[in-house]
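Geometric and topological summary
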Amino acid sequence: MPAMLNLGPSLFIFIAAVLTVPVSVVYGAFPSSVLTLERAFPVNQRVELEILRARDKARHARILQGVGGGVVDFGVLGTSDPYLVGLYFTRVKLGTPPREYNVQIDTGSDILWVTCNSCSDCPQTSGLGIQLNFFDTASSSTAALVSCSDPVCSSVMQTTSSGCSQNSQCVYSFQYGDGSGTSGFYVSDMLYFNMVLGDSLLANSSASIVFGCSTYQSGDLTKSDRAIDGIFGFGQQSLSVISQLSSRGLTPKVFSHCLKGESNGGGILVLGEILDPSIVYSPLIPSQPHYNLNLQSIAVNGQLLPIDPAAFATSDNRGTIVDSGTTLAYLVEEAYNPFVSAITAAVGQSVRPTLSKGNQCYLVPASVSGIFPLVSLNFAGGAAMVLKPEEYLVHMGFADGAAMWCMGFQKVQDQGVTILGDLVLKDKIFVYDLARQRIGWANYDCSSSVNVSLTFGKDEFINAGQLSVSSSSRKILFGPTPTSFEAILTQILVSIGFFIL
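What follows concerns the packing of aromatic side chains. Counted according to the given criterion, the structure contains 16 aromatic pairs. Taking 4.3 Å as the distance between ring centres and 35° as the angle between the ring planes, the aromatic pair formed by Phe232 and Phe234 counts as tilted. By relative accessible area, which is 0% here, Phe232 ends up buried. The class of Phe234 is buried, set by a relative accessible area of 0%.

Pasting the structure below:
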């Protein structure tokens with residue numbers, strides 16, 4: 001094993017004193033130009049740390065302009081448990097001065113949007129115990145409205161439900177799969193984040209991005225019980241944050257998450273590639289608006305179910321998508337019925353099947369792990385996604401002295417889309433490799449740290465918490481966000497490793 005240099009989390013500030021020295025340099029027969037170097041600050045003048053930080057911050061911004069492939073780390077809060085939070089979210093900093101906004105992590109949509117202060121019917125409080133913040137373009141010195149003449153507006157109108165308002169603002173209107181919707185206008189402003197660069201450098205960074213300012217919401221978005229500041233779309237279209245940053249070379253064209261399912265949730269989200277030797281990959285189906293995979297078959301206890309593969313075929317209104325914005329999972333009717341039948345047959349007499357509000361449930365006297373079978377979702381490329389009982393069942397309380405577990409997979413009537421939501425995605429590494437058009441996954445304890453590739457396509461790695469540098473690789477370990485329920489409701493986004501202020 002190569003020797004490692006371990007750098008702890010202490011912050012050291014080095015101020016280089018550059019003396020004024022007259023210099024005459026001769027190169028061959030020709031004297032070179034004489035460079036006079038002077039101090040940035042007089043030697044006997046006291047300099048406040050705030051001034052030094054501001055100076056360093058400006059320098060780091062210049063450094064970032066010429067460096068690509070950095071990794072951005074976001075903390076993850078929330079849980080897949082519908083009786084606690086029922087969604088995973090992170091915090092983003094927008095505007096100048098920056099303000100924090102809690103936004104749901106959603107791989108099923110493209111746009112980052114936050115609620116505008118001009119939204120009169122939007123929730124004012126949240127049952128999640130978080131303070132709702134509203135974006136005010138007038139309060140940000142760097143905010144600019146996107147006009148209809150802006151090329152950005154022209155490009156999004158070709159791929160999303162966007163248009164022009166009467167005053168020539170670029171506006172949008174979105175509908176989500178659950179029937180909820182939002183509309184508003186596009187804004188250009190600063191996004192602030194922590195970026196890990198080469199040579200063991202972590203910098204507070206920022207970039208101008210285009211995002212939505214919501215002035216109207218409908219459906220579940222209007223309910224206060226799970227109200228949030230907005231939605232962070234991680235889709236493939238040009239206006240998603242991952243597309244905007246990667247197109248400028250600021251981040252790799254890949255992002256990853258590890259959503260913790262047990263206890264009170266939390267997890268890891270990085271704009272970068274999580275590395276693990278057990279990750280398997282399946283190719284994305286091209287030219288689709290979502291992350292569509294080719295689901296080929298389902299096995300229960302190693303036995304393939306009698307499902308026509310055409311039930312999963314991708315078309316305009318069919319297919320299989322990965323969507324972190326969906327809490328449960330949804331299975332087309334042709335697959336759902338044999339799936340439930342196989343699960344019921346596998347548990348035999350050890351549990352008592354029952355119906356609860358139309359859902360197939362089971363009264364279980366002991367742990368489901370020792371009773372219910374493993375399920376394998378088999379995808380193109382030979383990639384299998386193995387589900388434990390807790391990843392296709394939902395604990396619904398107790399009845400008749402036994403725990404009641406119900407099917408977390410819901411039936412999609414008639415023709416429809418199979419959706420793999422948080423119920424399935426939790427407790428796994430998921431890698432969305434947009435550059436290679438594939439998705440990878442592996443079962444994983446998301447309360448543990450993960451290795452992340454520092455420079456996409458090269459043998460360089462990161463680990464969070466502390467920096468370990470060797471001659472053969474650079475590693476920083478990314479650890480999960482603290483996951484106690486109190487922390488979910490109150491904590492401020494924990495930054496990784498070092499800060500260069």
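Okay, the pattern of salt bridges next. The tally for this structure, following the rule as stated, stands at seven salt bridges. We note a salt bridge from Arg318 to Glu334, for which the minimum N-O separation is 2.8 Å. With Arg318 in the loop between strand 20 (303-304) and strand 21 (319-322) and Glu334 in helix 4 (residues 333-347), this pair connects stretches of sequence that are 16 residues apart. With a relative accessible area of 10%, Arg318 lands in the buried category. Of the charged contacts in the structure, one is a salt bridge between Glu391 and Lys388, with a shortest N-O distance of 3.9 Å. Given a relative accessible area of 1%, Glu391 falls into the buried group. What makes Lys388 partly exposed here is its relative accessible area of 33%. Linked by salt bridges that have partners in common, Lys388, Glu391 and Lys428 make up one network.

If you trace the four strands from one edge of the open sheet to the other, you get 23-24-28-27, paired in antiparallel fashion. Strand pairing shows two members of the sheet lacking a second neighbour, strand 23 (352-356) and strand 27 (393-399), which therefore form its edges. Neighbouring strand axes in the sheet, compared pairwise and without regard to direction, differ in orientation by 35° on average. Here strand 23 pairs with strand 24 (residues 359-364) via five bridges, running antiparallel. Bridged to Arg352 within strand 24 is Leu363. Running at roughly 15° to strand 24, helix 4 makes contact with strand 23, strand 24 and strand 28 (402-407) of the sheet.

With that settled, consider the state of the cysteines. In this structure the tally under the stated criterion is six disulfides. The disulfide partner of Cys119 is Cys122, and the S-S distance across this bridge is 1.7 Å. Note on the Cys119 and Cys122 pair: the S-S dihedral is about 65°, so by sign convention the disulfide is right-handed. A relative accessible area of 4% places Cys119 in the buried class. By relative accessible area, Cys122 is classed as buried at 4%. Cysteine pairing for the protein, with bonded cysteines counted in sequence order: 1-8, 2-3, 4-6, 5-7, 9-12, 10-11.

Another point: the nonpolar core. Core analysis: the biggest nonpolar cluster contains 80 residues, and Leu94, Ile298, Phe339, Tyr362, Phe372 and Tyr392 have the highest contact counts within it. For this core, the element with the most residues is helix 4, which contributes seven residues. When near neighbours in sequence (up to four residues on either side) are disregarded, Leu94 contacts Arg99, Tyr101, Leu112, Val114, Phe135, Met190, Leu191, Ile209 and Phe211. Formed by 14 residues, the second largest nonpolar core is a distinct cluster that contains Ile111, Phe174, Tyr186 and Leu239.

Turning next to the sheet that holds strand 26 (residues 383-387). Reading across the sheet, the four strands line up as 20-19-25-26 and stay open at both edges, with antiparallel pairing between neighbours. Both outer strands of the open sheet, strand 20 and strand 26, are each paired with one neighbouring strand and no more. By the bridge criterion, five bridges tie strand 25 (residues 375-379) to strand 26 in an arrangement that is antiparallel. Looking at strand 26, one finds that Asn378 is bridged to Ala384. Running over the sheet, helix 4 touches strand 19 (295-300) and strand 25 and is turned about 20° from strand 19.

So, how was this worked out
- Residues numbered from 1 in each chain as written.
- Predicted model: local features only at pLDDT ≥ 70, side-chain atom pairs only at ≥ 80, totals over all residues.
- Heavy atoms only, no water.
- Phe/Tyr/Trp six-rings, centres within 6.5 Å; stacked < 30°, edge-to-face > 60°.
- Buried < 20%, exposed > 50% of the residue type's maximum accessible area, 1.4 Å probe, protein only.
- Salt bridge = Lys/Arg side-chain N within 4 Å of Asp/Glu carboxyl O.
- Helix = DSSP H or I, 4+ residues; strand = E, 2+ residues; numbered from the N terminus.
- Pairing = 2+ DSSP bridges.
- Axes fitted to C-alpha atoms, helices over the stretch in contact; angles between N-to-C directions.
- Contact = heavy atoms within 4.5 Å.
- Disulfide = S-S within 2.5 Å.
- Core = buried A, V, L, I, M, F, W, Y, C linked by side-chain atoms within 4.5 Å.

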